[in-house]
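Examination of the molecular architecture
Residues per chain are reported as follows:
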Amino acid sequence: MSEQTATEGKTYPPDPELSKTANVRPEMKEQDLREFWDEQAKARLDWFEDYDEVLDWQLPYAKWFVGGKLNACYNCVDRHVEGGKGDKVALHVVPDDGPDSSEARDITFSDLQREVVKMANGLKELGVGKGVPVGIYMQMIPEAVVAMLACARLGAPHTVVFGGFSGKAVAERCNDLECKVLITQDEAMRGGKAGAQKTNADEGLDAGPTTVEKIVVVRRTGADIPMNDRDVYLHDLTANVSDDPQSCPCEPMDSEDLLFLLYTSGSTGKPKGVVHTTAGYLLGVTTTHNLVFDVKDDSVYWCAADIGWITGHSYITYGPLANACTSVLFEGVPGYPGKDVWWKIIDKYGVTILYTSPTAIKSHMKAGEQHIEGHDLSSIKMLGSVGEPINPDVWEWYREHIGGGKAPIMDTWWQTETGHILITPLPGITTLKPGMAQQPFPGVRPEIRDDEGNQLGVEQTGNLVLTQPWPGMMRTLYKDDERFKDTYWSKYSDAYFAGDGAKYDADGDIQLMGRIDDVVNVSGHRLSTFEVESALVEHADVAEAAVAARKDDDTGQAIVAFVSLKGDKQGTEELEQALREQVAQSIGKLARPATVIFSSDLPKTRSGKIMRRLLKNLAEGEELGDTSTLVDPSVVEQMQKQMNG
Ligand code: WTA
């Protein structure tokens with residue numbers, strides 16, 4: 001939830017110059033839904049075959065650009081080369097050790113085309129083609145982008161698993177989508193340290209039956225890692241293949257063909273496979289990227305997210321490349337090789353648009369503005385924020401120190417499920433308010449409702465819903481239409497239920513208030529309490545576990561684990577470490593609980609239900625309220641003592 005601060009009430013009207021030149025026009029907000037997207041589709045994408053119908057909407061199922069044929073890779077790469085932009089830089093590649101590294105290099109659109117064609121030809125030799133799913137488990141190296149595009153070129157759906165997730169997570173997701181091939185890298189390089197990557201994948205895949213038959217390994221560090229019969233290095237696989245685009249034409253895909261699955265955390269059960277299809281998704285990300293960030297031909301854009309999340313899919317790979325935009329791709333972390341590495345990158349490449357998360361901005365605030373001194377950030381014209389609510393004071397710092405006291409900030413609200421930005425200020429149009437995403441993108445119709453479905457008034461927090469379809473919306477959950485309907489379309493019969501709390505201010509601007517379900521947002525990464533609980537109970541000493549979130553200055557939210565132990569087991573520091581390790585092994589390091597509270601039992605009602613509300617209050621350090629329905633109120637006292645001590 002966003003904090004009230006002294007900056008509350010301040011507003012920033014748009015720069016009149018920007019209002020004149022901005023790509024987005026105020027009339028777009030008045031346009032009919034179909035008319036707006038039809039115009040965008042004709043202007044922004046190249047089609048192999050025209051579509052017959054803009055939208056076929058049978059709530060909750062949408063089909064966009066019905067009957068059309070296109071290819072996402074063609075739109076991101078080939079058409080730019082054919083259109084004379086082959087020599088334009090697509091990616092400024094910044095390795096882990098920063099922009100001064102001898103490994104820093106530029107990849108033009110022509111280079112990118114050759115790399116993609118080579119990888120696609122290599123994948124073909126392994127039997128990958130239209131409809132054959134591929135897993136990708138990589139860090140922020142250019143081959144990750146190339147891999148996504150190579151799959152798109154062949155019509156092979158991909159699923160990217162965040163490089164920081166465990167091998168178990170890789171295996172689960174690859175098996176669910178029935179991936180035949182997994183693309184990974186030998187090792188990960190982050191913050192000057194090499195870490196396991198390929199061997200993680202092995203561990204996960206070897207733990208049980210798997211559909212993965214081949215692993216393609218990109219050499220990043222050159223470490224001597226174990227290679228088995230099923231493994232092949234990318235450079236060996238592509239040693240003798242052609243890089244001529246004619247040798248591997250872009251597969252014509254139906255508008256509604258699966259482009260990728262991205263798994264995300266839900267409040268219960270296994271991760272949800274969010275289905276994104278080709279035309280609507282590609283158009284949604286391309287249009288929003290162009291209009292929200294006011295992308296021009298000479299823009300230098302940097303989205304500092306990770307390829308493994310939806311932000312990386314939409315706003316590192318597909319949106320910017322379809323817009324023929326020059327981007328920075330940074331492998332590393334904010335504090336290495338120096339606390340000024342980000343500012344060095346912006347200075348060296350003349351970055352004009354920076355898109356990042358409140359967590360990253362906060363880490364820079366904490367490091368201090370002295371690290372900015374000596375670096376020229378005057379190229380910055382536009383800033384973006386995503387992933388969590390941004391506090392007004394963080395917003396002000398971002399604008400002042402990174403935006404030179406003038407760059408507008410686009411606080412963009414959206415989700416893995418929505419595919420692209422839906423609520424955001426618009427450049428040159430919106431009077432900005434720190435800490436608010438404010439306004440729907442053209443064609444988007446939000447409402448804020450109470451649990452009974454009534455629309456709420458000013459300053460009343462309720463549930464954010466969307467009443468009109470948009471092109472990049474998830475089509476369903478993979479092989480689980482029931483869960484799709486249940487999770488998003490059953491709370492209200494006529495609208496998409498986003499799972500976020502929100503309220504309107506007196507001007508009709510929207511403020512997002514955080515998740516209202518059991519999804520925890522740690523540093524902008526979505527995790528479900530259920531998944532963390534499942535990981536904890538895998539430990540032999542644990543009887544039961546329940547997880548709640550508390551506010552954290554650095555990470556937005558942090559995970560508090562309440563754990564009851566078997567028999568006479570004691571909650572020691574070693575056990576706490578072991579549990580954290582257990583979660584890292586099972587999900588990934590970012591899911592490790594910040595606090596572990598041990599007790600003899602969890603607080604339960606007489607019917608045996610864990611009182612989650614109580615745990616939430618405990619985690620947040622709030623008043624506990626009524627505990628009279630508990631079987632054993634002393635359990636809570638025990639926990640409270642530990643929380644305080
Ligand atoms: C949260 C990330 C407030 C929200 C693109 C949403 C935000 C969840 C914002 C989706 C924002 C994202 N202000 N909250 N600007 N952007 N969120 O799927 O709770 O990783 O439901 O997609 O992040 O997270 P996801």
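Residues numbered from 1 in each chain as written. Predicted model: local features only at pLDDT ≥ 70, side-chain atom pairs only at ≥ 80, totals over all residues. Heavy atoms only, no water.

Named according to an unreviewed UniProt entry, the protein chain is Acetate--CoA ligase originating from Actinomycetospora aeridis. Listed under Sequence similarities (unreviewed entry) in UniProt, the entry text for the protein chain is "Belongs to the ATP-dependent AMP-binding enzyme family." (UniProt positions renumbered as here; feature names shortened; annotations may be inferred.)

1. Overview of helix α7 (residues 198-206)
Among all positions of α7, only K198, A201, D202, G204 and L205 are buried. Buried residues along α7 cover an arc of 170° about the axis, so they all sit on one side. Turned more than 90 degrees from where α7 packs its buried face, E203 and D206 sit exposed. Residues of α7 that are buried make contact with β6 (134-137), α6 (167-177), β8 (181-185), β10 (193-196), β11 (214-218) and β12 (231-233). (Buried < 20%, exposed > 50% of the residue type's maximum accessible area, 1.4 Å probe, protein only. Helix = DSSP H or I, 4+ residues; strand = E, 2+ residues; numbered from the N terminus. Arc of directions from axis to C-beta. Contact = heavy atoms within 4.5 Å.)

2. Overview of the UniProt feature "domain: Acetyl-coenzyme A synthetase N-terminal" (unreviewed entry) in the protein chain
Here, the residues flagged by UniProt with the feature "domain: Acetyl-coenzyme A synthetase N-terminal" (unreviewed entry) are residues 31-76. Spanning residues 31-76, this segment combines 37% helix with 30% strand, and its end C-alpha atoms are found 27 Å apart.

3. Remarks on the packing of aromatic side chains
Given two aromatic rings, one states the distance between the centres and the angle between the planes to describe the pair. For the structure shown, the criterion picks out 31 aromatic pairs. Directly above the ring of Y233 sits R219, whose terminal nitrogen or CZ lies 5.3 Å from the centroid. Sitting over the ring of Y492, R449 keeps its end group 5.1 Å from the ring centre. (Phe/Tyr/Trp six-rings, centres within 6.5 Å; stacked < 30°, edge-to-face > 60°. Lys NZ or Arg CZ within 6 Å of the ring centre and 35° of its normal.)

4. A closer look at the site of the ligand
Taken together, 17 residues form the shell around the ligand, and within it D411, T412, T416, D500 and R526 come nearest. At a separation of 2.7 Å, a nitrogen atom of the ligand approaches a polar backbone atom of T412. R515 is positioned with one of its side-chain polar atoms (N or O) 2.8 Å from an oxygen atom of the ligand. Contact with the protein chains covers 97% of the free accessible surface of the ligand, which is 530 Å². Listed by contribution, the elements that provide at least two residues to the shell around the ligand are α10 (310-322), β20 (409-412) and β24 (510-515). Across the shell around the ligand, the residue classes break down as six nonpolar, six polar and five charged. (Near = heavy atom within 4 Å. Polar contact = N/O pair within 3.5 Å; in protein donor to acceptor, adjacent residues only side chain to side chain. Areas by Shrake-Rupley, 256 points an atom, 1.4 Å probe, with all protein chains shown as cover. Nonpolar A, V, L, I, M, F, W, Y, C, P; charged D, E, K, R; others polar.)

5. Quick word on the environment of H420
As for its position among the elements, H420 is in the loop between β20 and β21 (446-449). On the basis of relative accessible area, H420 is assigned to the buried category, the value being 0%. Distance from H420 to D52, taken between C-alpha atoms, is 24 Å for residues 368 residues apart in sequence. Residues in contact with H420, not counting those within four places in the same chain, are G284, V285, T288, Y315, W414, W470, P471 and G472. One polar contact links the side chain of H420 to the main-chain amide nitrogen of G472, over a distance of 3.0 Å.

6. Overview of the pairing of strand β1 (residues 53-58)
Of the strand pairs in this sheet, β1 and strand β2 (residues 61-66) are connected by five bridges, and their pairing is antiparallel. Its bridge partner being in β2, W57 is matched across the sheet by A62. In textbook terms, the turn of a hairpin is the stretch between consecutive antiparallel strands, and for β1 and β2 this stretch comprises two residues. (Pairing = 2+ DSSP bridges.)

7. Things to note about the confidence of the model for the protein chain
The pLDDT averaged across the protein chain works out to 95; a share of 98% of its residues lies at or above 70. This model gives residues 1-7 a pLDDT under 50, and the stretch forms 15 contacts once residues within four places in sequence are excluded. This complex was scored by the predictor with a pTM of 0.93 and an ipTM of 1.00. (pLDDT = per-residue confidence, 0-100.)

8. Thoughts on the sheet that holds strand β23 (residues 496-504)
Read across the sheet, four strands follow the order β21-β22-β23-β24 without closing on themselves; strand pairing throughout is antiparallel. Each edge of the open sheet carries a strand with a single partner, namely β21 and β24. Averaged over all adjacent pairs, the angle separating strand axes in this sheet is 45°, with direction ignored. Of the pairings in the sheet, the one linking β21 to strand β22 (residues 462-466) comprises four bridges and is antiparallel in character. Looking at the pairing, P446 lines up with L466 of β22. (Axes fitted to C-alpha atoms, helices over the stretch in contact; angles between N-to-C directions.)

9. Brief notes about the sheet that holds strand β18 (residues 353-356)
Spatially, seven strands are ordered β5-β4-β17-β16-β18-β19-β20 in an open sheet, and the strand pairing comes out mixed. In the strand order of this sheet, the two ends are held by β5 (105-108) and β20, each with one partner. The sheet shows a mean angle of 20° between the axes of neighbouring strands, direction not considered. With four bridges connecting them, strand β19 (residues 382-386) and β20 associate as parallel partners. Counted as the bridge partner of S385 is D411 from β20. Of the strands in this sheet, β4 (89-94), β5 and β17 (326-330) are in contact with helix α5 (residues 142-154), which crosses β5 at around 15°. Against the sheet, helix α13 (residues 392-402) touches β18, β19 and β20, its axis set at about 150° to β19.

10. Quick look at the pattern of salt bridges
Summed over the entire model, instances satisfying the criterion amount to 39 salt bridges. Across the salt bridge formed by E172 and R173, the nearest N and O atoms sit 3.9 Å from each other. Given the relative accessible area of 40%, E172 is considered partly exposed. Take R173: its relative accessible area is 6%, and that puts it in the buried class. Between R230 and D206 there is a salt bridge, with the nearest N and O atoms lying 2.9 Å from each other. Within this pair, whereas R230 is found in the loop between β11 and β12, its partner D206 is found in helix α7, the two being separated by 24 residues in sequence. In this structure R230 comes out as buried when scored by relative accessible area, which is 17%. Overlapping salt bridges, with partners in common, bring together K198, D202, D206, R230 and D231 in one network. (Salt bridge = Lys/Arg side-chain N within 4 Å of Asp/Glu carboxyl O.)

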